[in-house]
Amino acid sequence: MPTSPSGRSSSKFICLALTHGDPAGIGPEVLVKALARWPNFSSARVLVLSRAFLLNALARKFRLPVKFADISSLEGWENFSDRIPCYFEDDLPPRFLRGFAQKSLTVSAVRSIELAVRLAVEKKVEAIVTAPINKAGLKKAGFDTPGHTEYLAKLSGSKKVEMMLIGGPLRVVLVTRHEPIKKVPSLLTRSRVTEAILLTDRELRRLFGIRRPRIVVCGLNPHAGEEGTIGREEIDIIRPAVKNAQSKTDAEIVGPLSPDALFHDAYQGLYDAEICMYHDQGLIPLKMISRGHGVNVTLGLPFIRTSPDHGTAYDIARRGLADPGSMTEALETAFQLAKNVRRHDRR
């Protein structure tokens with residue numbers, strides 16, 4: 001992808017790279033289904049980091065009007081318009097069973113991620129969309145990483161990243177991610193909460209084009225602690241963090257508020273993002289309203305990354321029942337965020 005002297009894209013197309021995820025799961029299936037219905041090929045170009053035989057077989061199986069072709073070089077790949085180009089530096093087994101983690105397929109999923117990051121860092125693509133991987137499968141295959149978010153941060157050298165989930169009018173950011181509930185209070189610190197707020201503020205401006213974000217911060221305890229009668233985390237950690245963040249930005253930041261009340265207001269559009277203290281605090285309301293169309297966005301990376309908000313779904317991987325809604329939204333979100341970043345960088 002051509003770039004200007006400043007490093008920004010000079011291509012007329014928005015250039016996206018898609019990883020294939022764990023081939024034993026539903027990742028390739030939802031990827032093919034999403035691309036078959038996506039309407040933006042006139043202004044975007046997609047590079048799939050996989051092998052064409054895998055995707056063409058799925059397209060034939062589901063009778064979808066989309067075709068893929070392997071390319072041997074990335075030179076001018078965005079001008080390849082007859083079929084959707086596929087580029088991958090590793091082999092894939094011609095036949096394999098779906099429905100359970102297998103080391104060789106897990107390794108291929110990781111290699112696809114590594115290639116995507118390399119292309120994004122080299123500015124050959126503006127955004128990456130990652131298909132699901134399996135955390136237990138990663139561990140069994142010998143990869144010591146909790147998941148996509150942490151691995152992308154490591155590969156790109158990003159020190160501060162946050163997970164944002166988008167669904168309907170909600171943009172939920174998690175201060176702690178995949179942690180046991182009993183560990184959450186000990187993981188909350190003033191600096192950790194402050195960092196989450198300020199990074200969210202910065203990325204709402206850059207990725208979403210919001211000039212003065214409105215951010216609400218959840219309490220940890222029921223009723224946000226009831227002034228210390230149901231816990232002191234709000235008094236000792238969260239409230240000081242909110243005040244610290246308020247002193248460093250002109251964004252409108254409120255909280256800590258009780259989550260059982262604030263999500264109604266968030267759903268009505270009163271806030272641009274919701275800072276949540278733990279995974280289910282934010283993901284339960286979001287998944288309830290997103291109806292399977294939620295999108296994961298990683299904040300703090302030097303490139304755009306989105307993904308569907310579901311996993312590998314091994315239980316239905318052989319049945320062809322996977323709903324591509326979340327992957328379609330992830331693809332569309334990556335496209336829209338890339339356009340927003342172009343406008344932001346031109347200011």
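Scroll up for the structure.
It is worth spelling out the packing of aromatic side chains at this point. The full count for this structure, using the stated rule, is 2 aromatic pairs. Geometrically, the ring pair formed by tryptophan 38 and phenylalanine 41 is edge-to-face, given 5.3 Å between the ring centres and 85° between the ring planes. By relative accessible area, tryptophan 38 is classed as buried at 4%. A relative accessible area of 27% places phenylalanine 41 in the partly exposed class.

A word on the environment of glutamate 234. Its location among the elements puts glutamate 234 in helix α8 (residues 233–246). The class for glutamate 234 is buried, based on a relative accessible area of 1%. Through-space distance from the C-alpha of glutamate 234 to that of glycine 292 is 32 Å; in sequence the pair is 58 residues apart. Those residues in contact with glutamate 234 that lie beyond four places of it in its chain are Gly219, Leu220, Asn221, Ala224, Gly225, Arg239, Pro240 and Pro256.

Turning our eyes to something else, we now look at the pattern of salt bridges. Applying the stated criterion to the full structure yields 17 salt bridges. Notably, a salt bridge pairs glutamate 114 with arginine 111, separated by 3.0 Å at the nearest N-O pair. Separated by 3 residues within a single helix, glutamate 114 and arginine 111 lie in helix α3 (residues 103–121), roughly one turn from each other. Judged by its relative accessible area of 30%, arginine 111 falls in the partly exposed class. Taking the shortest distance from any N to any O, the salt bridge between aspartate 272 and arginine 214 comes out at 3.2 Å.

Thresholds applied
Residues numbered from 1 in each chain as written. Predicted model: local features only at pLDDT ≥ 70, side-chain atom pairs only at ≥ 80, totals over all residues. Heavy atoms only, no water. Phe/Tyr/Trp six-rings, centres within 6.5 Å; stacked < 30°, edge-to-face > 60°. Buried < 20%, exposed > 50% of the residue type's maximum accessible area, 1.4 Å probe, protein only. Helix = DSSP H or I, 4+ residues; strand = E, 2+ residues; numbered from the N terminus. Contact = heavy atoms within 4.5 Å. Salt bridge = Lys/Arg side-chain N within 4 Å of Asp/Glu carboxyl O.

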